[in-house]
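Descriptive structure summary
Chain by chain, the residues run as shown.
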Amino acid sequence: MAREPVYDILTGLVRTVIFAQGLRIDIAGQEHIPRSGGAVLAVNHTAYLDFMEVGLLGRKSGRNVRFMMKAELEHGIVGFLMKHCKAIGVDRSAGAESYGRAVTALRDGELVVVYPEATISRSFELKEFKTGAARMALEADAPIVPLAIWGAHRVWTKGFRRQLGRHNFPVNIRVGEPISPAGTPDELTSTLRSRMSELLTAAQDGYPMPEGEPWVPARFGGNAPTLAEAAVLEKEEYAQRQAKAARGV
């Protein structure tokens, strides 16, 4: 693994944060993270900070992963970090360019992290998937490594207050076998979602889920919104953002 000083410093900070919070991370399937060559890492998205665990997974296999991040963050300190960590800026108004950069990174042998759900799932269930991960994998002829994280959303996610102190939350990570890039984008996306659903179930297996807690999915007796209710909240949130943009706020 080539030295990347900024990435090394960030990794150290992430490890410090995880230690300070007392997060108890349990990983199964680490061997499925390729130690060389390009691959798409497809991750479920339930938390603002779940990227930390993904980055550490890469490091455990001697790799620095490349995140796809909002292009509007490419300024100031965050922009500096993105540049020196080789993050791929995603500009929704110029999606083809971002997509092309991701494919090039895969062909160059990088691990590119993709969240197929695009945005955080307020229900903590798997939402419908975009086909971007599958299309990238097919075009670059790179495998997709599916993985599911459960428990990180208890620290910081949409809908309730951050829990940034020392709380000793367990975080389960389950990594699946690489999926070969084959079939149509829709077929590969369907296979990916099925595999990630199995991995999420495995990550949730045996995890304490107290009834009534806001971070517990509705089907487990929690107060998190259902998929349908979450979809309504997301539409409302999007409409509010559009209204603010129209007012120039």
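What counts, and where the lines are drawn
Residues numbered from 1 in each chain as written. Predicted model: local features only at pLDDT ≥ 70, side-chain atom pairs only at ≥ 80, totals over all residues. Heavy atoms only, no water. Salt bridge = Lys/Arg side-chain N within 4 Å of Asp/Glu carboxyl O. Helix = DSSP H or I, 4+ residues; strand = E, 2+ residues; numbered from the N terminus. Buried < 20%, exposed > 50% of the residue type's maximum accessible area, 1.4 Å probe, protein only. Phe/Tyr/Trp six-rings, centres within 6.5 Å; stacked < 30°, edge-to-face > 60°. Lys NZ or Arg CZ within 6 Å of the ring centre and 35° of its normal.

Examining the pattern of salt bridges
For the structure shown, the criterion picks out 8 salt bridges. For R66, the salt bridge is made with E4, and the minimal N-O distance between the two is 2.6 Å. One end of the pair, R66, is in strand β3 (residues 66–70); the other, E4, is in the segment before α1 (5–21), and 62 residues separate them in sequence. The residues R66 and E4 share a single accessibility class, namely buried. Note that R219 and E125 form a salt bridge whose closest N and O atoms lie 2.5 Å from each other. With R219 in the loop between α6 (185–204) and α7 (227–247) and E125 in the loop between β5 (111–114) and α5 (132–140), this pair connects stretches of sequence that are 94 residues apart. By relative accessible area, R219 is classed as exposed at 52%. The exposure class assigned to E125 is buried, which follows from its relative accessible area of 14%. Overlapping salt bridges bring together E4, R66 and E110 as one network.

Looking at the packing of aromatic side chains
What the rule picks out here adds up to 4 aromatic pairs. A ring pair is formed by Y48 and W156, whose centres lie 5.0 Å apart and whose planes are at 55 degrees; its orientation type is tilted. You can see Y48 sitting in the loop between β2 (39–43) and α2 (50–60) and its partner W156 sitting in the loop between β6 (144–150) and β7 (170–175), a full 108 residues away along the chain. Residue Y48 is classed as partly exposed on the basis of its relative accessible area of 36%. Consider the rings of Y207 and W215, whose centres lie 6.0 Å apart with planes at 80 degrees: the pair is edge-to-face. The same class applies to Y207 as to W215, namely buried. Following the ring pairs from residue to residue traces out a cluster consisting of W150, Y207 and W215. The ring centre of W156 lies 5.0 Å from the NZ or CZ of R162, which sits over that ring. Residue placement shows R193 over the ring face of F129; its charged tip is 5.7 Å from the ring centre.

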